[in-house]
Number of protein chains: 2
Amino acid sequence: MSGYNVAVVGATGAVGTRMIQMLEQSILPIASIKLLASKRSAGKVLHFKGQEKVVEELVPDSFRGIDLALFSAGGGVSKKFAPEAIKRGAVVVDNTSAFRMDPDVPLVVPEVNEAALSRHHGLIANPNCSTIQMVVALEPLRKVYGLKKVIVTTMQAVSGAGNRAIKELHDETQAVLEGKDYEPQILPVSGDKKHYQIAFNPLAQIDVFEEDGYTHEEWKMIHETKKIMEDEDIQVTATCVRVPVAIAHSESVWFELDQKGATVSKLQELLKKAPGVVVQDDPDNQIYPQAVNAAGKKDTFVGRIRPDQEQADAFHLYCVSDNLLKGAAWNSVQIAERLDALNLLRVPK
Amino acid sequence: MSGYNVAVVGATGAVGTRMIQMLEQSILPIASIKLLASKRSAGKVLHFKGQEKVVEELVPDSFRGIDLALFSAGGGVSKKFAPEAIKRGAVVVDNTSAFRMDPDVPLVVPEVNEAALSRHHGLIANPNCSTIQMVVALEPLRKVYGLKKVIVTTMQAVSGAGNRAIKELHDETQAVLEGKDYEPQILPVSGDKKHYQIAFNPLAQIDVFEEDGYTHEEWKMIHETKKIMEDEDIQVTATCVRVPVAIAHSESVWFELDQKGATVSKLQELLKKAPGVVVQDDPDNQIYPQAVNAAGKKDTFVGRIRPDQEQADAFHLYCVSDNLLKGAAWNSVQIAERLDALNLLRVPK
């Protein structure tokens, strides 16, 4: 049987189930698929291309004979099991933050820095969801005009915090509509001390706070953008807000270009030609990106492109993308497709 | 009977009903209150300090004997009837955009530019909701360090579009939860061509688009901030987004100070002493402003104060306030209180 033996780690999660879908649609030749999860989820039945697949408990030997392992089961699981997978010959595409800032690990958005794939040692990190869609939207502009500074405010969907967060949003919203009490247990951060209402209530916290007052999520956007764009001099700063949305992150991005000469129509033209980007920017007809339209799609939708009226070479854009697809599952599968195309889907000796 | 004869125009609306509440709580001496609305709403019964008040149809002679008229019934109503009120001796506080940028009309947030009240000719404009809370948060910092540039992304509650928008959010959210169809008819802008789902879906449009790709709402924030702060040189740029929230706007504000020397703790100290501001900024204990906590309060809640890590003298803050109270009804009644205190609650000859 020709093709790769593929494992999905965290197969029952919000991202894991989308990884399976993306693999079903992928051009990647797949010989077999193995669905892995914690002991608690083992035994569940999922489907791949119409066939029943029983979820197996993740153990080191799960990776025997596996060529490609997609991880999305939390940083702790990746730290423990990714080395086991690589040791057994699997290339790992890891969707957690465990290895993203490791200088030996490529952090890849194929539209932006596919070349970094050639430097992998068995593991490629998938960036944070909020970072991915922003760099997809900014890279085509950076390539032509350079990028000096980025100030982003995100409005992120709860599915970034997993299936339990989606359920909390739905149940809590229903309770608020009925005037009933609801005790939040997941959002904003399941592992943090306090939990707050997300229904009809934005929460300016995604991931835990660091000592400097930024959240981990905000630092991820800062550090990962520089690493993916391979330019430490780009200034990036971020405010990340969780909003009562199930799927797709919306981002308000202000950016200053390095070089002169850009206009809205020139930026629109660059984005129209850019891979993975769909321009939805027609204010006269009220066309701008929306979460409900982006959910389920692989693209990053970009609109509201307009100049800062008082600062030369500075602009706004607004980008929306499915955080579970381009922000996670699709970007991971896309990395695997590109590894295959570049003959890099093997652990280097 | 001592005190003012007060009229509320648009008394049955989302802001009008709050104006009545704010007048009930006000220190303003009130001799009588007259509730005015369109013919359609005339005859409705509302309450003021426990007494039933029948809503009357707004006509020019409604203002006979009125000392103070609070308008919040749309720009067209203000344009037509505010001059009639002033002609009959009433001072008008107008919560619409009709006269805000008129150079002869003071645009006032008492915490920021109370002195402008002395220049009124019978009409004082109440600024746009999203502008008010931002200038309340920034003014204490501007006074000490000067303000060079502001970049704001708003996450605005639907109640800014009136009671029908609140109902649409609730009904549509219920429909989405039940998997039913719902035809939006109000949001993002009731008078615009297309209407979109707001349930679980941010909409990057508040008010109509201008030819330059900015919305009216975004231009209001830019122009009004400069006018209220009386400084055309402050650079302001904005992206205004409607989010599935009923009450209270949340704003992510990046700002660059004019002078050196500011630190997070200095900014926090200034804000703690500032009128109308409550600092909620304790990341270690997950304390930051939230819409559900701000709703029903008169203050502007400020948190997430932190430096831009790569640009000197630049910072972030996050401010939340009840758009119907400080953003509208309370600011209008507060203007009236200050007019009274300054002996300016009369139409100048």
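Residues numbered from 1 in each chain as written. Chains lettered and ligands numbered in written order. Predicted model: local features only at pLDDT ≥ 70, side-chain atom pairs only at ≥ 80, totals over all residues. Heavy atoms only, no water.

As recorded by an unreviewed UniProt entry, chain A carries the name Aspartate-semialdehyde dehydrogenase and is attributed to Liquorilactobacillus oeni DSM 19972. Quoted verbatim from the Subunit (unreviewed entry) field of UniProt, the annotation for chain A is "Homodimer." Here is the UniProt Sequence similarities (unreviewed entry) comment for chain A, exactly as written: "Belongs to the aspartate-semialdehyde dehydrogenase family." (UniProt positions renumbered as here; feature names shortened; annotations may be inferred.)

*Asks:* Looking at this model, I keep getting lost on the overall build of chain A. Mind explaining?
*Replies:* On a plain count of helices and strands, chain A comes out with nine helices and 14 strands. Taken along the three principal axes of its C-alpha coordinates, chain A extends 60 × 55 × 40 Å. In chain A, which comprises 349 residues, the share counted as buried stands at 61%. Considering only residue pairs separated by 6 or more positions, chain A has 66% of its internal contacts joining residues 24 or more positions apart. For chain A, the accessible area works out to roughly 13,000 Å², and carbon and sulfur atoms hold 47% of it. Computing the positive centroid from 39 side-chain charges and the negative centroid from 45, chain A places the two 5 Å apart. (Helix = DSSP H or I, 4+ residues; strand = E, 2+ residues; numbered from the N terminus. Buried < 20%, exposed > 50% of the residue type's maximum accessible area, 1.4 Å probe, protein only. Contact = heavy atoms within 4.5 Å. Areas by Shrake-Rupley, 256 points an atom, 1.4 Å probe, with all protein chains shown as cover. Lys, Arg positive; Asp, Glu negative; His and termini not counted. Charge placed at Lys NZ, Arg CZ, Asp CG, Glu CD.)

*Asks:* Sorry if this is basic, but what is going on with the sheet that holds strand β8 (residues 123–125) of chain A here?
*Replies:* Neighbouring strands of a sheet are bound in pairs by backbone hydrogen bonds; such pairs are parallel or else antiparallel. Here we have six strands laid out as an open sheet, ordered β5-β2-β1-β6-β7-β8 (chain A), and parallel in their pairing. In the strand order of this sheet, the two ends are held by β5 (56–57) and β8 of chain A, each with one partner. (Pairing = 2+ DSSP bridges.)

*Asks:* It is not clear to me how the interface of chain B and chain A should be interpreted in this structure. Could you clarify?
*Replies:* Accessible area lost upon the coming together of the parts is a frequently used measure of interface size. With 63 residues of chain B at the contact, the number on the chain A side is 63 residues. Summing both partners gives a buried area of about 5,400 Å² for chain B against chain A, and 53% of it is carried by carbon and sulfur. The largest share of the area that chain B buries against chain A comes from B:F200, B:Q286 and B:E310, three residues that together contribute 13% of it. At the boundary of chain B and chain A, one finds eight salt bridges. (Buried area = accessible area lost by both parts, 1.4 Å probe. Salt bridge = Lys/Arg side-chain N within 4 Å of Asp/Glu carboxyl O.)

*Asks:* Can you help me understand the relation of the copies chain B and chain A in this one?
*Replies:* What relates the two chain copies is a rotation about an axis together with a slide along it. Of the transformation placing chain B onto chain A, the axial shift is 0.0 Å and the rotation is 180°, giving an RMSD of 0.0 Å. Here the two chains are linked by the operation of a two-fold rotation axis. Most of the interface of chain B is mirrored in chain A, where 100% of its interface residues are also at the interface. (Least-squares fit on C-alpha atoms with pLDDT ≥ 70 in both.)

*Asks:* Where do I start with unusual backbone geometry in this structure?
*Replies:* Most peptide bonds take the trans form, and the phi angle of most residues other than glycine is negative. A cis amide bond, omega 5°, links A:L187 with the succeeding residue A:P188. With respect to the helices and strands, the residue A:P188 is situated in the loop between α5 (163–177) and α6 (216–228). The backbone phi angle of B:R304 is positive, close to 50°, even though this residue is not glycine. Considering the arrangement of structural elements, one finds B:R304 in strand β13 (residues 300–307). Taking the relative accessible area as the measure of exposure, B:R304 reaches 2% and is therefore buried. The backbone phi angle of B:D313 is positive, close to 65°, even though this residue is not glycine. For B:D313, the location among the structural elements is in the loop between β13 and β14 (314–321). Note on B:D313: relative accessible area 19%, which makes it buried.

*Asks:* Quick question: what am I supposed to make of helix α9 (residues 325–341) of chain B here?
*Replies:* In an α-helix, one turn spans 3.6 residues; hence positions three or four apart end up facing the same way. Residue and element names in this part refer to chain B. Counted at 1.5 Å a residue, the expected span for α9 with its 17 residues is 24 Å, but the 20 Å between its end C-alpha atoms falls short. At N331, α9 shows its strongest bend, of approximately 45°. Judged by how many residues are buried, α9 sits mostly within the fold: 14 of 17 residues are covered. Phi turns positive, to about 60°, at N343, one or two residues after α9. (Expected span 1.5 Å × (residues − 1). Bend = angle between axes of the 7 residues up to and from the residue.)

*Asks:* Honestly, empty space enclosed by the protein in this entry has me stumped. Any pointers?
*Replies:* To find the voids left in a structure, one rolls a probe of water-molecule size over its atoms. Counted under the stated rule, the structure contains three cavities of 30 Å³ or more. Here the largest cavity is characterised by a volume of approximately 90 Å³. Along its surface, the largest cavity is lined by 16 residues, and A:I151, A:T153, B:I151, B:T153 and B:S252 are the ones closest to its centre. Of all the secondary structure elements, the ones that give two or more residues to the lining of the largest cavity are β9 (147–156) and β11 (249–257) of chain A together with β9 (147–156) and β11 (249–257) of chain B. Taken together, the residues that form the lining of the largest cavity break down as eight nonpolar, eight polar and no charged. Each pocket or cavity is described by its volume, and for the second largest cavity that value is around 50 Å³. In terms of lining residues, the second largest cavity is bounded by A:E111, A:V112, A:V136, A:E139, A:P140, A:K143 and A:P275. Every element with two or more residues in the lining of the second largest cavity is listed here: α3 (110–113) and α4 (129–145) of chain A. Class assignment for the residues of the lining of the second largest cavity results in four nonpolar, no polar and three charged. (1 Å grid on protein atoms, 1.4 Å probe; cavity = no way out; pocket = protein on both sides within 12 Å on 5 of 7 lines; lining within 4 Å. Points joined across faces, edges and corners; volume = space filled by probe spheres on them. Nonpolar A, V, L, I, M, F, W, Y, C, P; charged D, E, K, R; others polar.)

*Asks:* It is not clear to me how the environment of A:W330 should be interpreted in this structure. Could you clarify?
*Replies:* Residues and elements named next belong to chain A. Take W330: it is sitting in helix α9 (residues 325–341). Relative accessible area serves as the criterion here: at 11%, W330 is assigned to the buried category. Sequence separation between W330 and I206 is 124 residues, and the spatial gap between their C-alpha atoms is 22 Å. Setting aside residues no more than four positions away along its own chain, W330 makes contact with M22, K298, L324, L325 and E337.

*Asks:* Quick question: what am I supposed to make of the state of the cysteines here?
*Replies:* Among covalent bonds in proteins, the disulfide is the one between the sulfur atoms of two cysteines. Residues and elements named next belong to chain B. By the definition in use, this model includes zero disulfides over all chains. Cysteine C240 remains unbridged, with the sulfur of C129 as its closest cysteine sulfur at 8.8 Å. Note on C240: relative accessible area 0%, which makes it buried. Left without a disulfide partner, C319 is nearest to the cysteine sulfur of C129, which lies 12 Å away. (Disulfide = S-S within 2.5 Å.)

*Asks:* I keep staring at the packing of aromatic side chains and nothing clicks. Help me out?
*Replies:* How two aromatic rings sit relative to each other is given by the distance of their centres and the angle of their planes. Across all of its chains, the model carries 11 aromatic pairs over all chains by this definition. On the numbers, 5.8 Å between centres and 80° between planes, the contact of A:Y196 with B:Y288 is edge-to-face. With A:Y196 in the loop between α5 and α6 and B:Y288 in the loop between β12 (277–279) and α8 (291–294), this pair bridges two chains. The class for A:Y196 is buried, based on a relative accessible area of 14%. You can call B:Y288 buried: its relative accessible area is 2%. Clustering of aromatic rings is evident, with ring pairs tying together A:Y196, A:F209 and B:Y288. (Phe/Tyr/Trp six-rings, centres within 6.5 Å; stacked < 30°, edge-to-face > 60°.)

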